[in-house]
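Structural description and commentary
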Amino acid sequence: MRFFHGEKQSGPYFEGWYFKHQNKHGQALAVIPAFHADRMGRRSASMQIITNSKSWWLEYPSSQFYAARDRFQIQIGPSSFDRRGIRMNVSAPELSLSGALRYGPFAAVRSDIMGPFRIFAGMQCSHGVASMRHFLEGSLCLNGEIIDFSDGVGYIETDRGRSFPDVYLWTQCVWGGPEDGSVMLAAASVPLPVGSFTGCICAIFHRGREYRLATYLGARLEKWSSSEAVVRQGKYRFSAALLDGQSQPLLAPAEGGMGRTVRESLCAAVRYCFWSGKELLFQHTDQCASFEYSDQRRA
């Protein structure tokens, strides 16, 4: 299995990883290390940090970035990421982040979430899910505040390609308790050489079972907007509704560079519902869900 795809890419190209961590007290922190090659072939790296209330952007020369091709291992500056956890050592104006988190075993999806779309050459962006859920131990110190993530949960995904789609919606949530679960939904307008189509991918872990709804399996979006998405596939129907959320600015890839600003709610109130026919398999409202919607056409 190949883990890093960008070592021979001349651009435009980006590849990034999204590491989300949340604790039992409603605190969350996401780290996004990334590699970029613009149209001129200039290479660089970046790291973004996002919390419930703020975000930071850090840029690095490509010489300070390393990702292994044959295993899950990323190094950016003095910070590192792998299957065992992360070690953060960031010192920048208005940002100090240090400490280590240990990861439990990854809960991986059964197969590539992109399905046959992974070999479609016209895709702007290819999505991957490394772990729908894993347990956390350890703490991080953010600007002098200790955040304890012990007995918390994490989530990891990845994206690579040229650009994020012009219009997309993404939401993710993981929760514990007797009805523990994890969901990820992404919907986007996908350009083609002539025209475009709207596609979606969705993974749901519930009561030890994995469900997948995707365009390549016959799923269709009944509706989607800046605050809601409803997906139907055969007897299954899944909805995500944004109830409340404070969004933070993030930089997103556009033709390999990071020239686009989007907004993400790292800890939003989102209600998820999942039906099988007339049976409601679960309804879950979470205050620590992630939600992001962007429409470049209105930028």
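For the structure, see preceding data.
Residues numbered from 1 in each chain as written. Predicted model: local features only at pLDDT ≥ 70, side-chain atom pairs only at ≥ 80, totals over all residues. Heavy atoms only, no water.

When its secondary structure is counted, the protein shows zero helices and 22 strands. Along the longest, intermediate and shortest principal axes, the C-alpha atoms of the protein span 55 × 45 × 35 Å. In the protein, which comprises 299 residues, the share counted as buried stands at 56%. Long-range pairs, those at least 24 residues apart, make up 56% of the contacts in the protein between residues at least 6 apart in sequence. Of the accessible surface of the protein, which amounts to about 13500 Å², a share of 49% is contributed by carbon and sulfur atoms. Between the mean site of the 33 positive side-chain charges and the mean site of the 27 negative ones, the protein shows a separation of 6 Å. (Helix = DSSP H or I, 4+ residues; strand = E, 2+ residues; numbered from the N terminus. Buried < 20%, exposed > 50% of the residue type's maximum accessible area, 1.4 Å probe, protein only. Contact = heavy atoms within 4.5 Å. Areas by Shrake-Rupley, 256 points an atom, 1.4 Å probe, with all protein chains shown as cover. Lys, Arg positive; Asp, Glu negative; His and termini not counted. Charge placed at Lys NZ, Arg CZ, Asp CG, Glu CD.)

To find the voids left in a structure, one rolls a probe of water-molecule size over its atoms. Applying the stated rule across the entire model yields two cavities of 30 Å³ or more. Taken as a whole, the largest cavity encloses approximately 650 Å³ of empty space. Cys125, His127, Asp159, Phe164 and Pro165 are, among the 39 residues lining the largest cavity, the residues nearest its centre. Element by element, the count of residues in the lining of the largest cavity is highest for strand E14 (residues 181-191), at five residues. A class-by-class count of the residues in the lining of the largest cavity yields 27 nonpolar, eight polar and four charged. Forming the boundary of the second largest cavity are Phe3, Phe4, Trp17, Ala67, Ala68, Arg71, Phe72, Gln73 and Ile74. Looking at the lining of the second largest cavity residue by residue, the classes come out as seven nonpolar, one polar and one charged. (1 Å grid on protein atoms, 1.4 Å probe; cavity = no way out; pocket = protein on both sides within 12 Å on 5 of 7 lines; lining within 4 Å. Points joined across faces, edges and corners; volume = space filled by probe spheres on them. Nonpolar A, V, L, I, M, F, W, Y, C, P; charged D, E, K, R; others polar.)

On to the layout of surface pockets, then. Counted as a void, the second largest pocket has a volume near 250 Å³. Of all the secondary structure elements, the ones that give two or more residues to the lining of the second largest pocket are strand E10 (125-142) and strand E12 (152-161). For the lining of the second largest pocket, the per-class residue count stands at eight nonpolar, five polar and three charged.

The subject of this paragraph is the nonpolar core. Considering soluble globular proteins, one finds that nonpolar side chains tend to be buried as a cluster. Grouped together as the largest cluster of nonpolar side chains are 36 residues, with contacts concentrated most on Phe19, Met47, Ile49, Phe81, Met88 and Leu97. Beyond its immediate stretch of four places on either side in the chain, Met47 contacts Val31, Ile32, Pro33, Trp56, Trp57, Leu58, Tyr60, Ile76, Ser79, Phe81, Met88 and Val90. Grouped together as the second largest cluster of nonpolar side chains are 32 residues, Tyr168, Ala186, Leu250 and Ala252 included. (Core = buried A, V, L, I, M, F, W, Y, C linked by side-chain atoms within 4.5 Å.)

Inspection of the entire model under this criterion finds zero disulfides. The structure places no disulfide on Cys202, whose sulfur is separated from the nearest cysteine sulfur, that of Cys200, by 7.3 Å. Cys202 sits in the buried class, given a relative accessible area of 0%. For the unlinked cysteine Cys288, the closest cysteine sulfur is that of Cys267, found at 3.2 Å. (Disulfide = S-S within 2.5 Å.)

Throughout the structure, instances matching the rule amount to ten salt bridges. One salt bridge in this structure joins Glu210 and Arg110, with 3.8 Å as the shortest N-O distance. Residue Glu210 is located in strand E16 (residues 209-214), and its partner Arg110 is located in the loop between strand E9 (95-103) and E10; the two are separated by 100 residues in the primary sequence. With relative accessibility at 63%, the residue Arg110 sits in the exposed group. Put simply, Arg212 and Glu210 hold a salt bridge, and the shortest N to O gap is 3.4 Å. Linked through salt bridges whose partners overlap, the residues forming this network are Arg220, Glu222, Arg232 and Arg237. (Salt bridge = Lys/Arg side-chain N within 4 Å of Asp/Glu carboxyl O.)

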